[in-house]
Amino acid sequence: IGLIILVIIMIGKRSQNNVEAETALGQALVSIDKYDLVTADFQLENIINDYNSSTSSDKAMFYLGKRKYDNGDFESAKNYLEDFIDSKSDNLLTYPAIKILGEIYFKMDDIDNALSIINIGIKSCDDSYNCRGLKLQKANLLIYNEKQDAAELILEELKDLEKIDAGQKQKLEELLGKLVG
């Protein structure tokens, strides 16, 4: 009976920690919306430290990584986003994290890692919109890396799709134009 009571207390405490972590994350996101970015960064770092291995901590890693990326601090952004992806957090932020991380590697002239992370995203992709976005990003990297034939295969595959978002269709046409020009 003592063990059961202990388990119930631990479950209640964990549940309360999750509520506190979600509340703190909500407050950090409000700070971002209000452009109180110094406070937001501080709040996100506290969530990562105080609620380690929680869903809120994982999301905080993404948002802090995105903030660092937006500020041009690519090394810090890379670390936060890699940690977020490694957490295998099951949420909608994975694909944006992969795209941003691919852009960071590209800006750091690390095309091999950029292609590698994009390929990981494509292999694990289960949403057609995000898959197309990652494939377009990969084609762009391949064109930059002077691998036009590989890029063309991807772009031709996407060109044959009947349903494609207008923004992605425009990007597809731009990339096809780069192949010709």
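Residues numbered from 1 in each chain as written. Predicted model: local features only at pLDDT ≥ 70, side-chain atom pairs only at ≥ 80, totals over all residues. Heavy atoms only, no water.

Visitor: Would you take a moment to explain the overall build of the chain for this structure?
Guide: Per the secondary structure count, the chain includes nine helices and zero strands. The N-to-C order of helical and strand elements in the chain reads α-α-α-α-α-α-α-α-α. The 181 residues of the chain split such that 37% are buried. Just so you have it, the chain exposes about 11,000 Å², and 52% of that area is on carbon and sulfur atoms. (Helix = DSSP H or I, 4+ residues; strand = E, 2+ residues; numbered from the N terminus. Buried < 20%, exposed > 50% of the residue type's maximum accessible area, 1.4 Å probe, protein only. Areas by Shrake-Rupley, 256 points an atom, 1.4 Å probe, with all protein chains shown as cover.)

Visitor: In this structure, what is going on with the environment of Thr55? I would like to understand it.
Guide: Topologically, Thr55 is positioned in helix α3 (residues 55-70). Along the sequence, Thr55 and Ser89 sit 34 residues apart, while their C-alpha atoms lie 7.0 Å from each other.

Visitor: In this structure, what is going on with helix α8 (residues 148-159)? I would like to understand it.
Guide: Note: α-helices contain 3.6 residues per turn, so residues at a spacing of three or four share the same orientation. An ideal rise of 1.5 Å per residue puts 16 Å on 12 residues; α8 measures up with 16 Å between its terminal C-alpha atoms. Turning to α8, the residues buried within the fold contact α7 (128-144) and α9 (166-180). (Expected span 1.5 Å × (residues − 1). Contact = heavy atoms within 4.5 Å.)

Visitor: I keep staring at the pattern of salt bridges and nothing clicks. Help me out?
Guide: Close approach of charged atoms lets side chains of opposite charge pair. Taken as a whole, this structure holds six salt bridges when the rule is applied. For Lys78, the salt bridge is made with Glu75, and the minimal N-O distance between the two is 3.4 Å. Linking Lys78 with Glu75, this pair stays in helix α4 (residues 74-86), spanning three residues, or about one helical turn. Owing to a relative accessible area of 15%, Lys78 belongs among the buried residues under this scheme. A residue is classified by how much of its surface remains accessible, and Glu75, at 39% relative accessible area, is partly exposed. Through salt bridges with shared partners, one network takes in Glu75, Lys78 and Glu82. (Salt bridge = Lys/Arg side-chain N within 4 Å of Asp/Glu carboxyl O.)

Visitor: Even after reading the chapter, I still don't get the packing of aromatic side chains, so can you show me in this structure?
Guide: The description of two aromatic rings rests on the distance between their centres and on the angle between their planes. Enumeration according to the criterion identifies four aromatic pairs in this entry. Measuring from ring centre to ring centre gives 5.7 Å for Phe62 and Phe84, while their planes differ by 55°; the resulting arrangement is tilted. Residue Phe62 is found in helix α3, and its partner Phe84 is found in helix α4; the two are separated by 22 residues along the sequence. Note on accessibility: Phe62 and Phe84 belong to one class, buried. With a centroid separation of 4.7 Å and an interplanar angle of 75°, the aromatic rings of Phe106 and Tyr144 are classed as edge-to-face. Of this pair, Phe106 sits in helix α5 (residues 94-107) while Tyr144 is found in helix α7, placing the two residues 38 residues apart along the sequence. Taken together through their ring pairs, the aromatic side chains of Phe62, Tyr63 and Phe84 make up a single cluster. (Phe/Tyr/Trp six-rings, centres within 6.5 Å; stacked < 30°, edge-to-face > 60°.)

Visitor: Would you mind going over unusual backbone geometry with me for this structure?
Guide: Excluding glycine, a negative phi dihedral is what most residues carry, and trans is how most peptide bonds are arranged. Backbone geometry places Asp109, a non-glycine residue, at a positive phi of 60°. With respect to the helices, strands and loops of the structure, Asp109 is situated in the loop between α5 and α6 (111-124). Note on Asp109: relative accessible area 61%, which makes it exposed. Residue Glu146 is not a glycine yet carries a positive backbone phi of 60°. Turning to its location among the elements, Glu146 is positioned in the loop between α7 and α8.

Visitor: What is the right way to look at the state of the cysteines in this model?
Guide: Two cysteines joined by a covalent bond between their sulfur atoms form a disulfide. What the rule picks out here adds up to one disulfide. Sulfur-sulfur distance for the disulfide between Cys125 and Cys131 comes to 2.1 Å. For the disulfide bridge between Cys125 and Cys131, the dihedral angle about the S-S bond is near -130°, and by the sign convention the bridge is left-handed. Among the residues examined, Cys125 registers a relative accessible area of 16% and is labelled buried. Its relative accessible area of 15% is what places Cys131 among the buried residues. (Disulfide = S-S within 2.5 Å.)

Purely geometric stuff here, so don't read any function into it on its own.
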